Amino acid sequence: MTVDMVLKDGIFIENGRETVRSVAIEASKIEGVYRHGEEPQYLDSIDCRGLYILPGLIDIHVHLRDLKESDKEDYETGTMAAAAGGVTTVVDMPNSNPPVLDKRTLDDKISRAHELSYVNVGFYAGIPHNIDDFDVQMIRNILGLKVYPHSPLDKRTNYTRDRIRECTKLAVASGIPLLFHPDIATQKKEPENIEEFLLAHSCENEVKSVQSFIDAKIEYEARLHVCHVSCAATARLIHKNRAEDTLTAEVTPHHLFLSGGDFPHDDGVAKMLPPLRSPYDNKMLMEALCKTWAIDCVASDHAPHEKWEKAAPFLKAASGIPGLETTLPLMLTEVFEKRLTWIDYLRVCSSAPARILGLETKGILSKGYDADIVLARIQEGTIRGSNFFSKAKITPFEGRRVLARPITTIVGGVVVFDNGEFFTGPGIAGRVPVQKS
Ligand code: DOR
Ligand code: ZN
Ligand code: ZN
């Protein structure tokens, strides 16, 4: 047999240990993993000596903007950032402008992404103010329903106990998970100082919000996913209610590695929701990810904003930071500095996010799986926002030392990105929309 491509003699993780293997790709799938000298014939090959052959990251929480917010990011720049960051699948949030509350907006986003993307792109939808207006035709093209209790996509909506129950029921009827941003609405619209802002988005509120969704999840036997857990107390609550695949959770690299005290008080660069917490929370979130398994995976919450929106003082600055180009270097640095095992890395960056969304052919480098692969190497470097392909170049990780660099990104067997350059144009590699297998 002659296969399309062989990734030859790379460092491959087998049973948690580094070994040398070649990976064969045929018709966009992994054909097999081989010992040196046992590879099949091939049309094309890449010499992977010294490079790690890893599954591409699956980032189930990104905001690619586009439509009326293309100044912040569009599907082209957002997915270029993904490919350059070793992320082969992204799932796009519905809080765009306009928000995804109807089929027309979803279809618009899908056709833009179809034309412009460099990686696989999946979608979530929001839930309209009148739940009966939810268009069931959207279901086959979305991977979950997402709600924002503190800042509803339709401003008329109030996330009362009954609303949360209704949303949970809809997710069950649709056969997809309900995802939520754990926070609650506050009485006061605009905080007058930073302390008020932090109080409005406190750990106490995060915990309260998670509890209210867990109550509904239990009542309706739903699949519930908690986005960007930021507090030790939230991780404890999830752990207590953990029921394997019916309650899942993610954490961002910034909530793992940064704390509020790392930044000047009035600095908007590190403003995001949920806010950065304490070093104690950092430590307990890492434990939740690797020891107690209360948290399943890492997701970037890539939330690009324009430069002027981030350069403002804290209260005025926009919430959100870019993350697609920093997750892999940060997480692999944990591996190379021996704070994270290979088994945990592969689970939290690729296989668990695939499992959460039912992407059965993704997240693992094994025969029959999609050939979504990143080749990475050990290389000391410094994070510089000015090097990002994302339109958003202000990062709280600016200047941070990392020990890893993604070199080549392969999406569905197509080499998309190699050594700082794009090999294909937009709309060639990757599936849009990603659908459940
Ligand atoms: O900081 C944030 N930015 N948190 C969110 O939940 C939304 C996001 C955005 O869309 O900018
Ligand atoms: Zn959020
Ligand atoms: Zn988000």
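Residues numbered from 1 in each chain as written. Chains lettered and ligands numbered in written order. Predicted model: local features only at pLDDT ≥ 70, side-chain atom pairs only at ≥ 80, totals over all residues. Heavy atoms only, no water.

Participant: How do you make sense of the coordination of the zinc ion (ligand 2) when you look at a structure like this?
Facilitator: Geometry sets the ideal angles at a metal, namely 109.5 degrees for four tetrahedral donors and 90 or 180 degrees for six octahedral donors. Around the zinc ion (ligand 2), the donor atoms from the protein are His181 (ND1) and His228 (NE2), and they sit 2.1 Å away. Overall, the relative accessible area of 5% leaves His181 in the buried class. (Donors = N, O, S within 2.8 Å, 3.2 Å for Na, K, Ca; no water. Buried < 20%, exposed > 50% of the residue type's maximum accessible area, 1.4 Å probe, protein only.)

Participant: Help me understand the environment of Tyr220, please; the structure alone is not making it clear to me.
Facilitator: Within the secondary structure, Tyr220 is located in helix α5 (residues 203-220). With sequence-adjacent residues up to four places away left out, Tyr220 is seen in contact with Arg165, Thr168, Lys169 and Val172. (Helix = DSSP H or I, 4+ residues; strand = E, 2+ residues; numbered from the N terminus. Contact = heavy atoms within 4.5 Å.)

Participant: Just to check I follow, could you spell out the packing of helix α3 (residues 161-174) against α5 for this structure?
Facilitator: Angle between the axes and distance between the axes are the two parameters that describe a pair of packed helices. Between α3 and α5, whose axes approach to 9 Å, the crossing angle comes to 45°. When the interaxial angle is binned, α3 and α5 end up oblique. By crossing handedness, the relation of α3 to α5 is classed as right-handed. Contact with α3, carried on its side by Ile164, Arg165, Thr168, Lys169 and Val172, involves Ser212, Phe213, Ala216, Lys217, Glu219 and Tyr220 of α5 and no other residues of that element. (Axes fitted to C-alpha atoms, helices over the stretch in contact; angles between N-to-C directions. Parallel < 35°, antiparallel > 145°, perpendicular 65-115°, else oblique. Left-handed = near helix turned anticlockwise from the far one by under 90°.)

Participant: Help me understand the coordination of the zinc ion (ligand 3) in this model?
Facilitator: Those protein atoms acting as donors to the zinc ion (ligand 3) are His61 (NE2), His63 (NE2) and Asp301 (OD), and they sit at 2.0 to 2.1 Å. Read in sequence order, the donor residues for the zinc ion (ligand 3) give the motif H-x1-H-x237-D. Separating the zinc ion (ligand 3) from the zinc ion (ligand 2) is a gap of 3.4 Å. Of this pair, His63 sits in the loop between β6 (57-62) and α1 (75-84) while Asp301 sits in the loop between β13 (297-298) and α9 (307-310); the two residues are 238 residues apart in sequence, bridging distant segments of the chain.

Participant: Just to check I follow, could you spell out the nonpolar core for this structure?
Facilitator: Leu145, Leu332 and Tyr345 are the most contacted members of the largest nonpolar core, which has 95 residues in total. Setting aside residues up to four positions removed in sequence, Leu145 forms contacts with Ala125, Gly126, Ile127, Phe134, Leu170, Ala171, Ser174, Ile176, Pro177, Leu178 and Leu179. Ile58, Leu179, Ile356 and Leu359 belong to the second-largest nonpolar core, a separate cluster that totals 17 residues. (Core = buried A, V, L, I, M, F, W, Y, C linked by side-chain atoms within 4.5 Å.)

Participant: What am I meant to see in the environment of Met284 here?
Facilitator: Here Met284 shows up in helix α8 (residues 279-290). For Met284, a relative accessible area of 22% puts it in the partly exposed group. On a C-alpha basis, the gap between Met284 and Asp344 in space is 16 Å, while along the polypeptide they are 60 residues apart.

Participant: What's the story with the site of ligand 1 in this structure? I'm lost.
Facilitator: Around ligand 1, a shell composed of His63, Arg65, Asn95, His181, Met272, Leu273, Ala303, His305, Ser319 and Gly320 is seen. His305 has a polar side-chain atom sitting 3.0 Å from an oxygen atom of ligand 1. Considering ligand 1 on its own, with 290 Å² of exposed area, one finds that the protein chains cover 90% of that surface. Here ligand 1 is seated within the largest pocket. (Near = heavy atom within 4 Å. Polar contact = N/O pair within 3.5 Å; in protein donor to acceptor, adjacent residues only side chain to side chain. Areas by Shrake-Rupley, 256 points an atom, 1.4 Å probe, with all protein chains shown as cover. 1 Å grid on protein atoms, 1.4 Å probe; cavity = no way out; pocket = protein on both sides within 12 Å on 5 of 7 lines; lining within 4 Å. Sits in = over half its atoms within 2 Å of the grid points.)

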